[in-house]
Amino acid sequence: MKSGKIVVENLYKVFGQNPQEAIDLLKQGWSKDKILAEKGAVIGVSDVSFSVEEGEIFVLMGLSGSGKSTLIRLINRLIEPSAGDVYIDGQNVAKMANAELVDLRRRDMSMVFQSFALMPSRSVLDNAAFGLEVAGVGRKEREKRAMDVLAQVGLDTFAHKHPHELSGGMQQRVGLARALAVDPSMMIMDEAFSALDPLKRREMQDLLLELQKTHRRTIIFVSHDIEEAMRIGSRIGIMEGGKLIQVGTPRSWSTSRPTTTCATSSTPSTPTATSPPASSRPTACPSTCTTAWRRTPTRCARNCRRWTSTTPSSSTARSVSAAPSAWRRSP
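Residues numbered from 1 in each chain as written. Predicted model: local features only at pLDDT ≥ 70, side-chain atom pairs only at ≥ 80, totals over all residues. Heavy atoms only, no water.

Q: Explain the nonpolar core residue by residue, including any values.
A: The tendency in soluble globular proteins is for nonpolar side chains to be buried side by side. Counting residues in each nonpolar core, the largest one holds 44 residues, and the members touching the most others are Val-59, Leu-150, Leu-176, Met-187, Met-189, Phe-193 and Phe-221. The biggest single contributor to this core is helix H8 (residues 168–181), with seven residues. Ignoring sequence-local partners within four residues, the contact set of Val-59 consists of Phe-221, Ser-223, Ala-229, Ile-232, Gly-233, Arg-235, Ile-236 and Gly-237. If you look at the next biggest cluster of nonpolar residues, it comprises 28 residues, including Met-96, Leu-101, Leu-104 and Met-111. (Core = buried A, V, L, I, M, F, W, Y, C linked by side-chain atoms within 4.5 Å. Buried < 20%, exposed > 50% of the residue type's maximum accessible area, 1.4 Å probe, protein only. Helix = DSSP H or I, 4+ residues; strand = E, 2+ residues; numbered from the N terminus. Contact = heavy atoms within 4.5 Å.)

Q: Outline the sheet that holds strand E4 (residues 83–88), listing residues and values.
A: Remark on secondary structure: sheet strands pair via backbone hydrogen bonds, oriented parallel or antiparallel. The four strands lie next to each other as E2-E1-E4-E5, forming an open sheet whose pairing is antiparallel. The open sheet has two edge strands, strand E2 (42–52) and strand E5 (91–92), and neither has a second partner. (Pairing = 2+ DSSP bridges.)

Q: How would you sum up the pairing of strand E6 (residues 109–113)? Please name residues and give values.
A: Burial runs high along E6: four of the five residues are buried. Where E6 meets strand E7 (residues 186–190), five bridges bridge the pair, whose relative direction is parallel. In the strand pairing of E7, Ser-110 is matched with Met-187.

Q: So, the pattern of salt bridges: which residues are in play, and what are the values?
A: Inspection of every chain in the model, using the stated rule, returns 17 salt bridges. Here Arg-235 ties to Glu-56 by a salt bridge, and the two come within 2.5 Å at their closest N and O atoms. Taken together, the residues Arg-235 in strand E9 (residues 235–240) and Glu-56 in the loop between E2 and strand E3 (57–62) connect sequence positions 179 residues apart. Put simply, Asp-183 and Arg-217 hold a salt bridge, and the shortest N to O gap is 3.1 Å. With Asp-183 in the loop between H8 and E7 and Arg-217 in the loop between helix H9 (198–215) and strand E8 (218–222), this pair connects stretches of sequence that are 34 residues apart. Take Asp-183: its relative accessible area is 49%, and that puts it in the partly exposed class. Exposure remark for Arg-217: the relative accessible area of 6% places this residue in the buried category. What emerges from the salt-bridge pattern is a single network uniting Lys-5, Asp-89 and Asp-108. (Salt bridge = Lys/Arg side-chain N within 4 Å of Asp/Glu carboxyl O.)

Q: Explain helix H1 (residues 19–27) to me, using residue names and the numbers behind them.
A: Quick reminder: α-helices carry 3.6 residues per turn. Residues three or four places apart thus point the same way. Here H1 has its buried residues at Ala-22, Ile-23, Leu-25 and Leu-26. End-on, the buried residues of H1 take up no more than an arc of 160°, which puts them together on one face. Contacts from the buried residues of H1 go to strand E1 (6–15), helix H2 (32–39), E2 and E4. Positive backbone phi, approximately 105°, marks Gly-29, located one or two places after H1. (Arc of directions from axis to C-beta.)

Q: Pulling in residues and values, what's your account of the side chain of Lys-68?
A: Along the chain, the position of Lys-68 falls in helix H3 (residues 68–75). In this structure Lys-68 is buried but unpaired, with Glu-191 as the nearest side chain of opposite charge at 4.8 Å. When near neighbours in sequence (up to four residues on either side) are disregarded, Lys-68 contacts Leu-60, Met-61, Gly-62, Leu-63, Val-222, His-224 and Met-239. (Lys, Arg positive; Asp, Glu negative; His and termini not counted.)

Q: Could you give an account of the packing of helix H7 (residues 139–152) against H8, with specific residues and numbers?
A: Running from N to C, H7 and H8 cross one another at 130°; their axes reach a closest spacing of 9 Å. Comparing the axis directions of H7 and H8 gives the class oblique. The chirality of how H7 crosses H8 is right-handed. Between H7, through Arg-145, Val-149 and Leu-150, and H8, the contact on the second element is made entirely by Ala-177, Leu-180 and Ala-181. Per-class residue counts for the contact of H7 with H8 are five nonpolar, no polar and one charged. (Axes fitted to C-alpha atoms, helices over the stretch in contact; angles between N-to-C directions. Parallel < 35°, antiparallel > 145°, perpendicular 65-115°, else oblique. Left-handed = near helix turned anticlockwise from the far one by under 90°. Nonpolar A, V, L, I, M, F, W, Y, C, P; charged D, E, K, R; others polar.)

Q: So what's going on with the sheet that holds E9? Which residues, and what values?
A: Spatial ordering of the open sheet is given by E6-E7-E8-E3-E9-E10, a layout of six strands whose pairing is mixed. Among the strands making up the open sheet, the edge pair consists of E6 and strand E10 (243–248). Across the sheet, the axes of successive neighbouring strands diverge by a mean angle of 20°, strand direction being ignored. Together, E6 and E7 form the strand contacts of H8, whose direction differs from that of E6 by roughly 170°.

Q: Just give me the short version of the packing of aromatic side chains, but keep the residues and values in it.
A: Applying the stated criterion across every chain, the model contains two aromatic pairs. Plain terms: the ring middles of Phe-50 and Phe-58 are 5.1 Å apart, the flat faces sit at 15° to each other, and that makes the pair stacked. A relative accessible area of 3% places Phe-50 in the buried class. Lys-13 extends its terminal NZ or CZ atom over the ring of Phe-15, reaching a point 5.2 Å from the ring centre. A cation over a ring is seen here: Lys-34 above Trp-30, with NZ or CZ 4.2 Å from the ring centre. (Phe/Tyr/Trp six-rings, centres within 6.5 Å; stacked < 30°, edge-to-face > 60°. Lys NZ or Arg CZ within 6 Å of the ring centre and 35° of its normal.)

Given below as structure tokens:
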């Protein structure tokens, strides 16, 4: 077994009537599409193995449907694995009894969701203290600990407000405070900042990095944003078709471009002063249009980030070449 705070070995998740049959067919070389067509089974995660060191932020990236969210829910066993093992501090979560699993989630593991998942009838303080309440901590103690983490995220003065009185960024801070209140050694963050506007997202990234300086929690962070991944991640893993197909550090990615389709389409590239010939521009809005959007200062009338038939003016092209990072943030 590999060493690490979290160790995942040969993990599979098959949605269907006969998971083991589908796993055997995968090992024989069948594609997930063929298994779906002939056996009716959906391959969520296929033979994934990796480890996460203590204090590390491991970022998972991939296109929609690549298996990211399924994988992190296999790690904390919100979804039961079809095969494989997940070790946290040497304990096999995949084979853990329910009572042990519940205790592990309550004392040593937290999850932050994209949707905030706050309870509207409860105050900010009560939302932040909810995990402690479930764990059986007394009211006085849990409110003290919740107030401490609210101060860490800059919301102690809003403790007695309700979620509807807060902005989206502030609501996400409450969600983060709720996760931190139980003082977990590991956190799973499922696109936690993706619903925020770019400025608020950067503020939350700064906050997470600042908290890491003092607490060094082990974090698995799911993201669609390569710039976010390279900014906060210790290492980055790419998922495609249910498989973890590439893992590297931000430094290695900055010196050599990723080889996968997902990473290539997400990696920032310097805009050029000329657009490709009209014949190479898509006539519809494809799912991979983000790459094209990062390389052209023009946009279609439907505002969809694909190539348009308009060639950028020389002045616009010059300004883009002069400030590529600014252009990537705002077309």
